[in-house]
Amino acid sequence: MFYYVLKYVVIGPVLRLLFRPRIEGLGHVPGAGAAIVAGNHLSFSDHFLMPAVLKRRITFLAKAEYFTGPGVKGKLTAAFFRSAGQIPVDRSGKEAGKAAVREGLGVLAKDELLGIYPEGTRSHDGRLYKGKVGVAVMAIRAGVPVVPCAMVGTFEIQPPGRKIPKVKRVTIRFGEPLDFSRFAGMENEKAALRAVTDEIMYAILALSGQEYVDRYAADVKAEQAEQGRKFPRLRR
């Protein structure tokens, strides 16, 4: 109930008024039944802008840090994400990927929309990074279509580190659903998972027009952070 209050009364109308999103290909999102919407992730605003334009409810797998922040602000943030139906996922440790898949499959089993950012983290520089194979595992195991989605302009309105987004028009593009039924029963085969994930990322790339980096964003971020610690003056 609170999800729809946020969408249609509290947040949704404000977002549509301020950012006037151009919506392209919305008809590609199935009107009923389970499906995955896989998108690029450029900004914290993505969590709110995509759901605001969809006709159906969508549940995202959100990082656990949104639910464990300290103080009053942390409690309010956690309460908001829970009320909006978002699911916390611990992204650290060997079992993190399995937990995300398990939670995602639970959403799909209820014939709902599941939102996923295959890159696993926000892009720190606006480029599109290599996708993780969890999205492929879920798509194959659940036998559901994957709708690619591109957020365009959200990096410019709220890049990492910016708390208040700029008021500027954005574009949200949905591509044709991708059918991976030919991979049925192959969710444990690495080559199949990589092929499915790369096809999804290519579809997102075609919609977004971003520069592509064939590396995981988390690895690049970690390297840059390490360089910053070793050579702090180079960050100026």
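What you are looking at is a predicted structure, and each value in this text was computed from that prediction instead of being measured.

*Asks:* Tell me what's going on with the sheet that holds strand 3 (residues 58–63), and back it up with residues and numbers.
*Replies:* Spatially, the seven strands line up as an open sheet ordered 1-8-7-2-5-3-4, and their pairing is mixed. With partners counted over all chains shown, the strands left at the sheet margins are strand 1 (22–24) and strand 4 (87–89), one partner each. Pairs of neighbouring strands in the sheet enclose a mean axial angle of 25°, with direction left out of account. Alignment of strand 3 against strand 5 (residues 113–116), held across three bridges, turns out to be parallel. Bridge pairing in strand 5 links F60 to G115. Sheet contacts for helix 3 (residues 46–53): strand 1, strand 2 (35–39), strand 3, strand 7 (146–152) and strand 8 (171–174); angle to strand 8, the most-contacted strand, approximately 60°. Contacting strand 2, strand 3, strand 5 and strand 7, helix 6 (residues 134–142) runs over the sheet at an angle of about 160° to strand 2.

*Asks:* Mind laying out the packing of aromatic side chains, listing which residues take part and the relevant values?
*Replies:* Under the criterion given, the structure shown has three aromatic pairs. Aromatic pair F44 and F48: ring centres 5.4 Å apart, planes at 65°, arrangement edge-to-face. A relative accessible area of 24% means that F44 is categorised as partly exposed. Ring geometry for F60 versus Y117: centroids 5.2 Å apart, planes at 20°, classification stacked. Here the residue F60 occupies a position in strand 3, and Y117 occupies one in the loop between strand 5 and strand 6 (128–129), the gap between them amounting to 57 residues. Each member of the pair, F60 as well as Y117, carries the same accessibility label: buried.

*Asks:* Give a description of a nonpolar patch on the surface that names residues and reports values.
*Replies:* A cluster of nonpolar side chains, namely Y4, Y8, V9 and V10, defines an oily patch on the protein surface of about 390 Å² accessible area. Looking at the element boundaries, Y4 is found in helix 1 (residues 2–10).

*Asks:* Lay out the environment of P88 with the relevant residues and their values.
*Replies:* Assignment of secondary structure puts P88 in strand 4. Along the chain, P88 and M201 lie 113 residues apart, while their C-alpha atoms are 23 Å from each other.

*Asks:* Which residues make up the nonpolar core, and what values go with them?
*Replies:* In terms of nonpolar packing, the biggest core is built from 32 residues, with I36, L108, L114, M138, V146, F180 and I200 touching the most fellow members. Of all the secondary-structure elements, those providing two or more residues to this core are strand 2, strand 4, helix 5 (96–109), strand 5, helix 6 and helix 8 (190–208). Among the elements that line this core, the one with the most residues is helix 8, at seven residues. Formed by 22 residues, the second largest nonpolar core is a distinct cluster that contains L113, V147, I157 and V170.

*Asks:* Could you give an account of the side chain of T197, naming the residues involved and the relevant values?
*Replies:* With respect to the element layout, T197 can be found in helix 8. Not counting the four nearest positions on each side in its chain, T197 is found in contact with G131, K132, V133, V135 and A136.

*Asks:* So, the pattern of salt bridges: which residues are in play, and what are the values?
*Replies:* What the rule picks out here adds up to seven salt bridges. D198 serves as the salt-bridge partner of R194, at 3.2 Å between the closest nitrogen and oxygen. Of the two residues, R194 and D198 both sit in helix 8, four residues apart, roughly one turn of that helix. Taking relative accessible area as the criterion, D198 reaches 33% and is therefore assigned partly exposed. We note a salt bridge from R215 to E223, for which the minimum N-O separation is 2.5 Å.

Thresholds, definitions, all that
Residues numbered from 1 in each chain as written. Predicted model: local features only at pLDDT ≥ 70, side-chain atom pairs only at ≥ 80, totals over all residues. Heavy atoms only, no water. Pairing = 2+ DSSP bridges. Helix = DSSP H or I, 4+ residues; strand = E, 2+ residues; numbered from the N terminus. Axes fitted to C-alpha atoms, helices over the stretch in contact; angles between N-to-C directions. Contact = heavy atoms within 4.5 Å. Phe/Tyr/Trp six-rings, centres within 6.5 Å; stacked < 30°, edge-to-face > 60°. Buried < 20%, exposed > 50% of the residue type's maximum accessible area, 1.4 Å probe, protein only. Patch = residues over 30% accessible without salt bridge, like charges linked within 9 Å, V, L, I, M, F, W, Y side chains within 5 Å. Areas by Shrake-Rupley, 256 points an atom, 1.4 Å probe, with all protein chains shown as cover. Salt bridge = Lys/Arg side-chain N within 4 Å of Asp/Glu carboxyl O. Core = buried A, V, L, I, M, F, W, Y, C linked by side-chain atoms within 4.5 Å.

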